[in-house]
Amino acid sequence: MTEAMRVGVRPGDPGTLTVRFWAGARAAAGTDRVSMPVGTVKCVRAELLAWQPDLAPVLEVSSLLADGLVVGDDAELDAGSTLEVLPPFAGG
């Protein structure tokens, strides 16, 4: 697994969370995870798009789970939490 970093944000730093990408989201991000500053889902989404604009079409259709629970844009994300980006996929 690779661990991508935002400029000035290191994995495990206080005030950060981990964003994990699955399937097409991983392809668009170019990595399987990245560390981001905490905030609302909406703020983290904006940070992700600033970091990797290619994620825009994937984020529009993906489910976002914070520590296993589906979250909306107004949800506050805590330090140390994991936000997972799950695009729709076929199969079963």
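Look above for the structure.
Residues numbered from 1 in each chain as written. Predicted model: local features only at pLDDT ≥ 70, side-chain atom pairs only at ≥ 80, totals over all residues. Heavy atoms only, no water.

> Looking at this structure, I do not really get the overall build of the protein. What am I missing?
Scanning the protein from terminus to terminus reveals three helices and five strands. Within the protein, the fraction of its 92 residues that count as buried is 38%. For the protein, contacts bridging at least 24 residues in sequence account for 57% of all contacts bridging at least 6. A total accessible area of about 5200 Å² is found for the protein, and carbon and sulfur atoms account for 55% of it. (Helix = DSSP H or I, 4+ residues; strand = E, 2+ residues; numbered from the N terminus. Buried < 20%, exposed > 50% of the residue type's maximum accessible area, 1.4 Å probe, protein only. Contact = heavy atoms within 4.5 Å. Areas by Shrake-Rupley, 256 points an atom, 1.4 Å probe, with all protein chains shown as cover.)

> Help me out: how do you make sense of the side chain of glutamate 84 in this one?
With respect to the helices and strands, the residue glutamate 84 is situated in strand β5 (residues 82-86). Put simply, glutamate 84 is tucked away with no salt bridge, and the nearest opposite charge, on arginine 20, sits 4.4 Å away. For glutamate 84, the side chain forms a polar contact with the side chain of tryptophan 22, separated by 2.8 Å. With sequence-adjacent residues up to four places away left out, glutamate 84 is seen in contact with Arg20, Trp22, Ser63, Leu64 and Leu65. (Lys, Arg positive; Asp, Glu negative; His and termini not counted. Salt bridge = Lys/Arg side-chain N within 4 Å of Asp/Glu carboxyl O. Polar contact = N/O pair within 3.5 Å; in protein donor to acceptor, adjacent residues only side chain to side chain.)

> For this particular structure, what's the right way to read the nonpolar core?
Generally speaking, nonpolar side chains in soluble globular proteins are found buried as a group. Residues Val19, Phe21, Val44, Leu48 and Leu83 are the most contacted members of the largest nonpolar core, which totals 19 residues. If you list the elements that add at least two residues to this core, you get β1 (16-21), α1 (24-29), β2 (33-37), α2 (41-51), α3 (56-61), β3 (63-66) and β5. Leave out the neighbours within four places in its chain, and valine 19 touches Asp32, Arg33, Val34, Met36, Val44, Leu48, Leu83 and Val85. (Core = buried A, V, L, I, M, F, W, Y, C linked by side-chain atoms within 4.5 Å.)

> Would you take a moment to explain the packing of aromatic side chains for this structure?
Aromatic ring pairs are defined here through the distance separating the ring centres and the angle between the ring planes. Under the defined criterion, the tally for this structure stands at one aromatic pair. Between phenylalanine 21 and tryptophan 51 the ring centres are 6.2 Å apart and the planes differ by 20°, which places this aromatic pair in the stacked class. Residue phenylalanine 21 is located in strand β1, and its partner tryptophan 51 is located in helix α2; the two are separated by 30 residues in the primary sequence. (Phe/Tyr/Trp six-rings, centres within 6.5 Å; stacked < 30°, edge-to-face > 60°.)

> Sorry if this is basic, but what is going on with the sheet that holds β2 here?
Paired through backbone hydrogen bonds, the strands of a sheet run either parallel or antiparallel to each other. Spatially, β2-β1-β5-β3-β4 is the arrangement adopted by the five strands of the open sheet, whose pairing is mixed. Only two strands of the sheet have a single partner each, and these edge strands are β2 and β4 (69-70). Relative to β2, β1 runs antiparallel, the two sharing five bridges. Paired with valine 19 across the strands is valine 34, a residue of β2. The sheet contacts of α2 involve β1, β2, β3 and β5, and relative to β2 the element is tilted by about 120°. (Pairing = 2+ DSSP bridges. Axes fitted to C-alpha atoms, helices over the stretch in contact; angles between N-to-C directions.)

Honestly, it's all geometry; don't read function into it.
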